[in-house]
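The lines below spell out each chain.
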2 protein chains.
Amino acid sequence: MISCAFLQSTYYLHCNKLYRTVHVNQDNTAMSASKRDILVKKALQVFYRNGFHATGMDMLVTETGVSKTSMYKHFRTKDDLILASLRLRDELFRNWLMRRMEELATTPREQLLAMFDALGEWFDQEDFNSCMFIKAASEYPDPDHPVRASAAEHKRLIKHYLVELGEKAGVAEPAQLARRFLLLKEGAIVTAHIQGSAGVAADARQAAQLILTDACQD
Amino acid sequence: MISCAFLQSTYYLHCNKLYRTVHVNQDNTAMSASKRDILVKKALQVFYRNGFHATGMDMLVTETGVSKTSMYKHFRTKDDLILASLRLRDELFRNWLMRRMEELATTPREQLLAMFDALGEWFDQEDFNSCMFIKAASEYPDPDHPVRASAAEHKRLIKHYLVELGEKAGVAEPAQLARRFLLLKEGAIVTAHIQGSAGVAADARQAAQLILTDACQD
DNA sequence: GCGGACCTGTACCGATCAGTATAGGTTGAG
DNA sequence: CTCAACCTATACTGATCGGTACAGGTCCGC
């Protein structure tokens, strides 16, 4: 089954031909899913690299290869496209992080610490450019803006995964452990972005080890 | 000589009519209140609240009360004004943080932990809007841009202060302690910004306590 | 009163912003 | 074939972008 769960998905489950799959838009106009996928995927890259306000729709036309007319058929406003990009980013990043944590370690305790090994791999990728949601929140000062809600939801979902892992690991206060790990994670991302990635993930992992040991002693 | 060291004051050093720039502030403190100082001070507030790309020069004219002609007399480009704002922010914020840490505690060990109490006060201020340098770095993707250098320097100076405090506290590896504390600090800032400030500073402080205890056992 | 330092307001520049209008090309189903 | 869905390119809107030009106002030491 080929489908794109990040693009309002269930409708796709009834389709057997991706190139002709039909997506029901906000205004009930039928659209080609593949073009839409290409647009969101490439827009995500441009927004991540270049920022949101600094990226104009004309730049997106040249960078994505999708005409402006099609863009505005798929998304009523630039903000809608941004939100779709953030939804995709949330899914891709969380899937990658969780998969990598589970690949790098076997026990829940080790998987928790492996988060920082995975982050270290991310920091060393040449296209690493901080967390897209931290950047998004930085550009949208209104706390009620949907972009901010998207960022909060992304962080909440990661925290939820860490809590689950903490429960599997049998720590006394998994919620507390998750909050502390998240502090180290966000701090490592920001520090690797501003100061450079050298040693940052290892520092965070060592600090996390202390916190985890303490959490298991309780 | 009355001047503001944070405001790239060389231009005024050649001015022998400095008294013209001395005014009385709202709180009756005599300070250099030249148009340039007013401009940078208010521009800082607008950039911090509204972002860099999203703030146009025309908005700065209305928000600061300084004419556009004067702005471009003092600063050749918008970027120069942004950099001056960041220099001011660096000085104001670091001075505030260090002063508050030393007010809240007496011993170096307690002062280190008091950083998170000070951060907690900051998070609860209604105009708290994340770290200006994290936001600046988020908006300027080019790592060689002066804005990025300014952000890195700000973080470096704070780290340097933490290392000094760690040495005074007699910990075995003050540099390592400072790096770990900085991870918690940046993580707390980002988390308070995105998820809300409730409990964030306290979480960070508890984690810092564990790290500090470990550092003193060595 | 004169000159210079410093400020203002207003109008303007070409470029770019988000978004729209219009016309036409391609594809596949019936 | 026609029809409809979906795509393209181009041109355009009014607003705003960073930045400049120009004329004039105010204050000061001389």
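Residues numbered from 1 in each chain as written. Chains lettered and ligands numbered in written order. Predicted model: local features only at pLDDT ≥ 70, side-chain atom pairs only at ≥ 80, totals over all residues. Heavy atoms only, no water.

Q: Please set out the interface of chain A and chain B residue by residue, giving values where relevant.
A: Buried accessible area, meaning the area lost when the parts come together, often serves as the stated size of an interface. With 39 residues of chain A at the contact, the number on the chain B side is 39 residues. Counting across the chain A and chain B interface gives two salt bridges. With a shortest N-O distance of 2.6 Å, Arg179 of chain B and Asp203 of chain A are connected by a salt bridge. At the junction of chain A with chain B, the criterion picks out eight residue pairs in polar contact (both at pLDDT 80 or more). Put simply, the parts of the chain that give the side of chain A that touches chain B at least two residues each are helix H1 (33-50), helix H6 (132-139), helix H7 (146-169), helix H8 (174-195) and helix H9 (200-217) of chain A. When the residues that make up the side of chain A that touches chain B are grouped by side-chain class, the tally is 17 nonpolar, ten polar and twelve charged. (Contact = heavy atoms within 4.5 Å. Salt bridge = Lys/Arg side-chain N within 4 Å of Asp/Glu carboxyl O. Polar contact = N/O pair within 3.5 Å; in protein donor to acceptor, adjacent residues only side chain to side chain. Helix = DSSP H or I, 4+ residues; strand = E, 2+ residues; numbered from the N terminus. Nonpolar A, V, L, I, M, F, W, Y, C, P; charged D, E, K, R; others polar.)

Q: Can you lay out the relation of the copies chain A and chain B for me, pointing to particular residues and giving the numbers?
A: For the pair chain A and chain B, the relating rotation is 180 degrees, the translation along its axis is 0.0 Å, and the fit reaches an RMSD of 0.1 Å. The superposition operator between the copies reduces to a two-fold rotation axis. The rotation axis passes nearest to the C-alpha of Gly187 of chain A in chain A, at a distance of 1.9 Å. A share of 100% of the interface residues of chain A reappears at the interface of chain B, consistent with the copies meeting face to face through the same patch. (Least-squares fit on C-alpha atoms with pLDDT ≥ 70 in both.)

Q: Explain the protein's contact with DNA strand C residue by residue, including any values.
A: Taken together, 20 residues are adjacent to DNA strand C, and Met57, Lys68 and Lys78 of chain A together with Thr69 and Ser70 of chain B come closest. Looking at DNA strand C alone, sugar and phosphate atoms form 60% of those within 4 Å of the protein. For DNA strand C, a phosphate oxygen lies 2.7 Å from a polar atom in the backbone of Met57 of chain A. One of the side-chain N or O atoms of Lys35 of chain B is found 3.1 Å from a phosphate oxygen in DNA strand C. Considered class by class, the residues forming the surface near DNA strand C number five nonpolar, nine polar and six charged. (Near = heavy atom within 4 Å.)

Q: Please set out the nonpolar core residue by residue, giving values where relevant.
A: Counting 134 residues, the largest nonpolar core has Trp122, Phe123 and Phe181 of chain A together with Trp122, Phe123 and Phe181 of chain B as its most contacted members. Residues within four places of Phe123 of chain A in sequence aside, it is in contact with Phe128, Ala188, Ile189, Ala192, Ser197, Val200 and Ala201 of chain A. (Core = buried A, V, L, I, M, F, W, Y, C linked by side-chain atoms within 4.5 Å. Buried < 20%, exposed > 50% of the residue type's maximum accessible area, 1.4 Å probe, protein only.)

Q: How would you summarise the packing of aromatic side chains if you had to cite specific residues and measurements?
A: Each pair of aromatic rings is reported with the distance of its centres and the angle of its planes. What the rule picks out here adds up to 16 aromatic pairs over all chains. A centroid spacing of 5.9 Å and a plane angle of 35 degrees characterise the contact between Trp122 of chain B and Phe123 of chain B, whose relative ring orientation is tilted. Taking relative accessible area as the criterion, Trp122 of chain B reaches 6% and is therefore assigned buried. Here the aromatic rings of Phe123 of chain B and Phe128 of chain B are separated by 5.0 Å at their centres, their planes lie at 55 degrees, and the arrangement is tilted. With respect to class, Phe123 of chain B is no different from Phe128 of chain B; both count as buried. Above the ring of Tyr48 of chain A, the side-chain terminus of Arg89 of chain A is found at 4.4 Å from the ring centroid. The ring of Tyr48 of chain A has Lys135 of chain A sitting right over it, with the charged end atom 5.1 Å from the ring centre. (Phe/Tyr/Trp six-rings, centres within 6.5 Å; stacked < 30°, edge-to-face > 60°. Lys NZ or Arg CZ within 6 Å of the ring centre and 35° of its normal.)

Q: Describe the side chain of Asn50 of chain B, with residues and values.
A: Its place among the elements puts Asn50 of chain B in helix H2 (residues 35-50). Engagement of the side chain of Asn50 of chain B in a polar contact is seen with the backbone oxygen of Ala54 of chain B, the distance being 3.3 Å. Excluding its chain neighbours within four sequence positions, the residues that come into contact with Asn50 of chain B are Pro141 of chain A together with Thr55 and Met59 of chain B.

Q: So, the confidence of the model for chain A: which residues are in play, and what are the values?
A: The share of residues in chain A with pLDDT of 70 or more is 84%, and the mean pLDDT across the chain is 87. Low pLDDT (under 50) marks residues 1-31 of chain A, which in the prediction has 46 contacts with non-local residues, meaning those over four places away or in another chain. (pLDDT = per-residue confidence, 0-100.)

Q: If you had to explain helix H3 (residues 57-64) of chain B to someone new, which residues and values would you point to?
A: For an α-helix, the turn length of 3.6 residues means that residues three or four places apart are oriented alike. Residue and element names in this part refer to chain B. Among the residues of H3, Met57, Leu60 and Thr64 are the ones counted as buried. Buried residues in H3, looked at end-on, bunch into an arc of 50 degrees, giving them a common side. Across from the buried face of H3, at angles greater than 90 degrees, the exposed residues are Asp58 and Thr62. Buried residues along H3 sit in contact with H2, helix H4 (68-74) and helix H5 (78-104). Of the residues flanking the end of H3, it is Gly65, one or two places downstream, whose phi is positive at about 75 degrees. (Arc of directions from axis to C-beta.)

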